[in-house]
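# A look at the structure
Take a look at the letters that make up each chain.
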Amino acid sequence: MLSNKVLLATDFSETAEKLINCLDELKGLGIDEVILTHVINVHRSKVVNVDQFKETNQEKLEKVKEKIEAKGFKVTIKIPVGFPASEIKKVAQKENAALILVASHGKGFIKKVFLGSTTYDLIRKSKRPVLIEKYDNIEGEAQVACARKFNKVLLPIDFSDCSKVAIDFVREMEENNFEEIILLNAIESSSSSEDLEKEKTKAEVKLKELAKKIKNNGSVDRVTVKVTEGAASDNIIKIAQEEKVGLILMPRTGRGNIKELLLGSTSDRVAKESPIPVLLISC
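Just so it is clear, the structure is predicted and the values come from calculations on it, not from any experiment. For every chain, the first residue of the written sequence is number 1, and numbering continues from 1 onward in sequence order. Predicted model: local features are reported for residues with pLDDT of at least 70 only, side-chain atom pairs are reported and counted for 80 or more only, and whole-chain, interface and lining totals are derived from all residues. To get the side-chain values, all heavy atoms of the structure are used, and hydrogens and water are removed first.

## Some thoughts on the pairing of strand S1 (residues 5-9)
The cut-off we apply is this: Any residue under 20% of the maximum accessible area for its type is buried, any over 50% is exposed, and the rest in between are partly exposed; the area is computed with a 1.4 Å probe on protein chains only. Helix and strand assignments come from DSSP, with helices taken as H or I runs of at least 4 residues and strands as E runs of at least 2, each series counted from the N terminus. When DSSP finds at least two bridges between two strands, those strands are taken to pair.
S1 sits mainly inside the fold: five of its five residues count as buried. Across five bridges, S1 lies against strand S2 (residues 33-37) in parallel orientation. When the bridges of S2 are listed, Leu-7 appears paired with Ile-35. In the sheet, S1 pairs with strand S4 (residues 99-103) via three bridges, with the strands oriented parallel. Bridge pairing in S4 places Leu-8 opposite Leu-101.

Here it is in C-alpha cells:
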C-alpha cells in the first residue's frame, strides 16, 4: 500500500453516508487515517458565496468526522472548490492516499443503484486505486455491501502488464491475510473449438504458475484458478456472484498501451454493472 491513508469522498447522500460502515475493514490494510473530502462544485458562470458554502459544509463534515473518529481513525477534513473528480484526484495525490473510497449512488428510493458521473470520471482520471462500494436494495433502503470484502477476492487476469501490476498490488498487501483469491481468465474468442481448448489449457497453466507465486508470498490461504469463455466483463460478474466474493480487484485497463479507461472496456463495464464492490487500480 502507498500509505496509511484513505480518502473518503462524500456528497452527503444516503449512500455516501453509509461508507463510514466500510472503514473498519480497511484497518486490515494498515489504514488508520481518513481524508474526509467534499468538493464544492461551482460553475464559473455562476456567482456564489464560496465562503458560506465552505462554512455550511464544514459543519456537516465535522459531524461525520466525529463518527469516524469514534472508530479509531485520525480524520482530516478537506473542502476544495472545483470539479469533483479533478479535485478528489488532486487531494488524493497531495495527501498521498493509499486509495479513494467512493459510493455508487441511489436515485429516488434507491430503486436503482448506479455509477454516478463523479465516480465515473474519477476512475478515468485517478492514478490512485479507487474502491467503488456497492449497495443492496433492501425494503427501499440502501444497505452497504462491505462486510468481509477482503476475505475472498476475484482477480481477473489477461496476462497483460496491467495484470502483473494487479498481482503485485495483492502481494504487497501482506498484512491482510486473504482467505482466498480466485484468478480468472476469460477467453473471449477463438477460431475453432480445438483452438479454444488449447487456449484454455495454456491459460490454466499460466494461472497455476501465478497462483503458486502468490501462495509463496505467504499472505493468502488459498488461491484457485478459473478459465472461462465469452465476454470478459460478463464472466467476471457472473463468477463473482457465483463464488460470493467480497471484492473484484482489477486494473483500469487491459491489453495494449491504453492511457485512459475507454468507454465500453472490460473494467468500465464491471465497475458500472457489478453488484459487488470493485477496486480499480491504475497501471
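Picking up after the structure, the text goes on.
## Quick notes on the nonpolar core
For the record, the criterion: Buried Ala, Val, Leu, Ile, Met, Phe, Trp, Tyr and Cys residues form a nonpolar core when they are joined through side-chain atoms within 4.5 Å. Any two residues whose heavy atoms approach within 4.5 Å are treated as being in contact.
In this structure, Leu-23, Leu-26, Ile-68, Leu-155, Ile-181, Leu-183 and Leu-249 are the most contacted members of the largest nonpolar core, which totals 46 residues. In contact with Leu-23, other than residues within four places in its own chain, are Val-6, Leu-8, Val-34, Ile-68, Phe-73 and Leu-101. Within the second largest apolar cluster, 29 residues are counted, among which are Ile-88, Ala-97, Leu-154 and Ala-271.

## Considerations on the environment of Lys-215
Position of Lys-215 relative to the elements: it lies in helix H6 (residues 193-216). On the basis of relative accessibility, which here comes to 42%, the residue Lys-215 falls in the partly exposed class. Sequence-wise, Lys-215 and Arg-171 are 44 residues apart; in three dimensions their C-alpha atoms are separated by 9.1 Å. In this structure Lys-215 touches Asp-221 and Val-223, once residues within four positions along its chain are discounted.

## So, the packing of helix H7 (residues 232-242) against helix H8 (residues 266-273)
This is how it is decided: For helices, the fitted axis covers only the stretch in contact; all axes are lines through C-alpha atoms, and the angles between them, taken along N-to-C directions, range from 0 to 180 degrees. Should an angle fall under 35 degrees it is called roughly parallel, over 145 degrees roughly antiparallel, and 65 to 115 degrees roughly perpendicular, with every other angle called oblique. Take the far helix as your reference; a near helix turned counterclockwise from it by less than a right angle gives a left-handed crossing, and one turned clockwise gives a right-handed crossing. Under the grouping applied here, Gly and all other residues not named as nonpolar or charged are polar, the nonpolar ones being Ala, Val, Leu, Ile, Met, Phe, Trp, Tyr, Cys and Pro and the charged ones Asp, Glu, Lys and Arg.
Running from N to C, H7 and H8 cross one another at 40°; their axes reach a closest spacing of 8 Å. Classified by the interaxial angle, the pair formed by H7 and H8 is oblique. Pair H7 / H8 crosses with right-handed handedness. Contacts between H7 and H8 involve Ala-232, Ser-233, Asp-234, Ile-236 and Ile-237 on the former and, on the latter, Thr-266, Arg-269, Val-270 and Glu-273. Here the contact of H7 with H8 is built from residues that sort into four nonpolar, two polar and three charged.

## Details of the confidence of the model for the protein
We count it as follows: Each residue carries a pLDDT value, the predictor's own confidence for that position, ranging from 0 to 100.
Of all residues in the protein, 82% have pLDDT values of 70 or greater, and the mean over the chain is 82. Considering only residues more than four positions removed or in separate chains, one finds that residues 254-264, a stretch of pLDDT under 50, has 23 contacts.

## Details of the sheet that holds strand S12 (residues 220-229)
Strand order in this open sheet of 10 strands is S3-S2-S1-S4-S7-S14-S13-S10-S11-S12, and the pairing throughout is mixed. Edge strands, defined here as strands with exactly one partner in the open sheet, are strand S3 (74-78) and S12. With direction set aside, neighbouring strand axes in the sheet form an average angle of 20°. Alignment of strand S10 (residues 152-156) against strand S13 (residues 247-251), held across two bridges, turns out to be parallel. Residue pairing across strands places Val-153 opposite Leu-247, the latter belonging to S13. Running over the sheet, H6 touches strand S11 (178-187) and S12 and is turned about 165° from S12.

## Some words on helix H5 (residues 161-172)
Cut-off, in case you're wondering: A helix is expected to span 1.5 Å for every residue after the first.
Taking 1.5 Å per residue as the helical rise, H5 with its 12 residues ought to reach 16 Å, and the 17 Å between its terminal C-alpha atoms agrees with that figure. As for H5, its buried residues are in contact with S10, S11, H6, S13 and strand S14 (278-281).

## Some thoughts on the packing of helix H3 (residues 84-94) against helix H4 (residues 117-125)
The interhelical angle for the contact between H3 and H4, taken along N-to-C directions, is 45°, at an axis separation of 8 Å. By the criterion of interaxial angle, the relationship of H3 to H4 is oblique. Note on packing geometry: the crossing formed by H3 with H4 is right-handed. Residues Pro-84, Ala-85, Ser-86, Ile-88 and Lys-89 of H3 lie in contact with H4, whose contacting residues are Thr-118, Asp-121, Leu-122 and Lys-125. Grouping the amino acids of the contact of H3 with H4 by side-chain chemistry returns four nonpolar, two polar and three charged.

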